[in-house]
Amino acid sequence: MQRRCVLNSWSKEEVRAVIRYEWARGVSGAEILNRLLEVYEPGVMSKQMVRRWCRTFSDGRQQVEDIPRAGRTRTATTDANVGKVDDMIRANRRITIDEVAEELGISHE
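Calculation notes
Residues numbered from 1 in each chain as written. Predicted model: local features only at pLDDT ≥ 70, side-chain atom pairs only at ≥ 80, totals over all residues. Heavy atoms only, no water. Helix = DSSP H or I, 4+ residues; strand = E, 2+ residues; numbered from the N terminus. Rg over C-alpha atoms; globule rule 2.2 N^0.38 Å. Areas by Shrake-Rupley, 256 points an atom, 1.4 Å probe, with all protein chains shown as cover.

What follows covers the overall build of the protein chain. Scanning the protein chain for helices and strands turns up 5 helices and 0 strands. Beginning at the N terminus, the succession of helices and strands in the protein chain can be written as α-α-α-α-α. Against the globule reference of 13 Å for 109 residues, the protein chain gives a C-alpha radius of gyration of 21 Å, more extended than a compact globule. Taken along the three principal axes of its C-alpha coordinates, the protein chain extends 55 × 40 × 20 Å. For the protein chain, the accessible surface area stands at approximately 8800 Å², while carbon and sulfur atoms represent 48% of it.

Written out as structure tokens, the structure is:
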């Protein structure tokens, strides 16, 4: 009897590499999803995303890593800000999000 192991720790790149491999072997998107669900935890990826990645590889994409995108870099979630927020909450458990944002000069979101 074959023993199965469900992996509950994985990276997006790892899953994409599996999709790319199976796609290259000619496996359908639905079957790729079934194979992913056999090994990875439920919710590893939706059927639509598997199909989208298959289409992306069909269009010639080779890499499984995220492509850097233009846009504003995150500046609020720095280690220094996380430490400051932690200190603020420890000093005053009733502090509001608005007060934290104002104190640190970051957006409410």
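What follows deals with the environment of Lys 84. Considering the arrangement of structural elements, one finds Lys 84 in helix α4 (residues 79-91). With 16 residues separating them in the primary sequence, Lys 84 and Val 100 have C-alpha atoms 9.1 Å apart.

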